[in-house]
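# Architecture at a glance
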Amino acid sequence: EQGGMGHSSAVVLLAVLLSTGLFAGRSGAQDVSAPVREGDLKRIEHALGEQAAKATPHNVFHIAGALQQLKSPTLKTAQRALCKAAGLGMDSKQAGLVSDAVRAAAAADCPIFHRDELAVIMATAALSGSLAMIRTGVSGLVSLVKDHGAKLPE
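Residues numbered from 1 in each chain as written. Predicted model: local features only at pLDDT ≥ 70, side-chain atom pairs only at ≥ 80, totals over all residues. Heavy atoms only, no water.

What follows covers the overall build of the chain. Along the chain, the regular secondary structure elements total 8 helices and 0 strands. The secondary structure elements of the chain, listed N-terminal to C-terminal, are α-α-α-α-α-α-α-α. Across the 154 residues of the chain, 40% fall into the buried class. Restricting the contact set of the chain to residue pairs at least 6 apart, pairs at least 24 apart contribute 57%. If you sum the accessible surface of the chain, you get close to 9,200 Å²; carbon and sulfur atoms cover 57% of it. (Helix = DSSP H or I, 4+ residues; strand = E, 2+ residues; numbered from the N terminus. Buried < 20%, exposed > 50% of the residue type's maximum accessible area, 1.4 Å probe, protein only. Contact = heavy atoms within 4.5 Å. Areas by Shrake-Rupley, 256 points an atom, 1.4 Å probe, with all protein chains shown as cover.)

Here you go:
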């Protein structure tokens, strides 16, 4: 690990970089092991800020998570847009979007409403039998309980 950034953090950051097109202008083979310079971090933060302004339930967790990993002040300035996208994800009642939304809400310090209802959705997903849904449900449930003070469903 370099600079305290864990593997999953690096994967999220790489996904954000690719999705925001920051690598598009570089020619030749891309050496992702090259050291990140201060100017690169500023460009990344700026790009993430632009993405945060138009965040959707499908990408809000990746944007908020990357900003949190960078300890960026943009997380605070983009809080309203991130919380709006997280709220839409929670309203969707789709387990994957709800799980991402509650974790994004934790990163962006958003208030969470209907925690118990969301916990039931996450518990149902965790008990579904599908490995992807089990992971989704457990991740969302852990965030709801640990980050947002929800109670485990009976």
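That covers the picture; the talk isn't over yet.
The biggest cluster of nonpolar side chains holds 36 residues, and the ones touching the most others in it are Leu67, Leu82, Met90, Leu118, Met122 and Leu144. Breaking this core down by element, the ones donating at least two residues are helix H2 (38–53), helix H3 (60–69), helix H5 (79–91), helix H6 (95–108), helix H7 (115–126) and helix H8 (131–148). The greatest single-element share of this core, amounting to 8 residues, is contributed by H6. Setting aside residues up to four positions removed in sequence, Leu82 forms contacts with Ala52, Ala55, Val60, Ile63, Ala64, Leu67, Leu75 and Ala108. (Core = buried A, V, L, I, M, F, W, Y, C linked by side-chain atoms within 4.5 Å.)

Within the span of H3, buried status applies to Val60, Ile63, Ala64, Gly65, Ala66 and Leu67. Positioned one or two residues after H3, Lys71 has a phi angle of 55°, which is positive.

With that settled, consider H5. In a regular helix each residue adds 1.5 Å, so 13 residues correspond to 18 Å; H5 covers 18 Å between its end C-alpha atoms and thus fits that length. All of the buried residues in H5 are Gln79, Leu82, Cys83, Ala85, Ala86, Gly89 and Met90. The buried residues of H5 all sit within an arc of 165° when viewed along its axis, so they share a single face. Seen from the open side of H5, the exposed residues pointing more than 90 degrees away from its buried face are Arg80, Lys84 and Asp91. Residues of H5 that are buried make contact with H2, H3, helix H4 (74–77), H6 and H7. One or two positions beyond H5, positive phi appears at Lys93, with a value near 65°. (Expected span 1.5 Å × (residues − 1). Arc of directions from axis to C-beta.)

Bringing unusual backbone geometry into the picture now. Across residues other than glycine, the phi torsion is negative in most instances, and most of the peptide bonds are trans. Within the chain, Lys71 stands out as a residue other than glycine whose phi angle is a positive 55°. Among the residues examined, Lys71 registers a relative accessible area of 73% and is labelled exposed. A positive phi angle, near 55°, is found at His114, a position not held by glycine. Tracing the backbone through its elements, the reader meets His114 in the loop between H6 and H7.

Time to look at the packing of aromatic side chains. The way to describe two aromatic rings as a pair is by their centre distance and the angle between their planes. Here the structure, examined in full by the defined rule, presents 0 aromatic pairs. Of note, Arg103 hangs over the ring of Phe61, and the distance from its end group to the ring centre comes to 4.0 Å. (Phe/Tyr/Trp six-rings, centres within 6.5 Å; stacked < 30°, edge-to-face > 60°. Lys NZ or Arg CZ within 6 Å of the ring centre and 35° of its normal.)

Structurally, Ser72 can be placed in the loop between H3 and H4. Distance in space between the C-alpha atoms of Ser72 and Leu48 is 9.7 Å, their sequence separation being 24 residues. Among residues more than four places away in sequence, those in contact with Ser72 are Glu45 and Leu67.

Another aspect to go through is the pattern of salt bridges. For the coordinates displayed, the defined rule picks out 4 salt bridges. Across the pair Lys93 and Glu117 runs a salt bridge whose closest N-O atoms are separated by 3.0 Å. Taken together, the positions of Lys93 in the loop between H5 and H6 and Glu117 in helix H7 put the pair 24 residues apart, joining distant regions of the chain. (Salt bridge = Lys/Arg side-chain N within 4 Å of Asp/Glu carboxyl O.)

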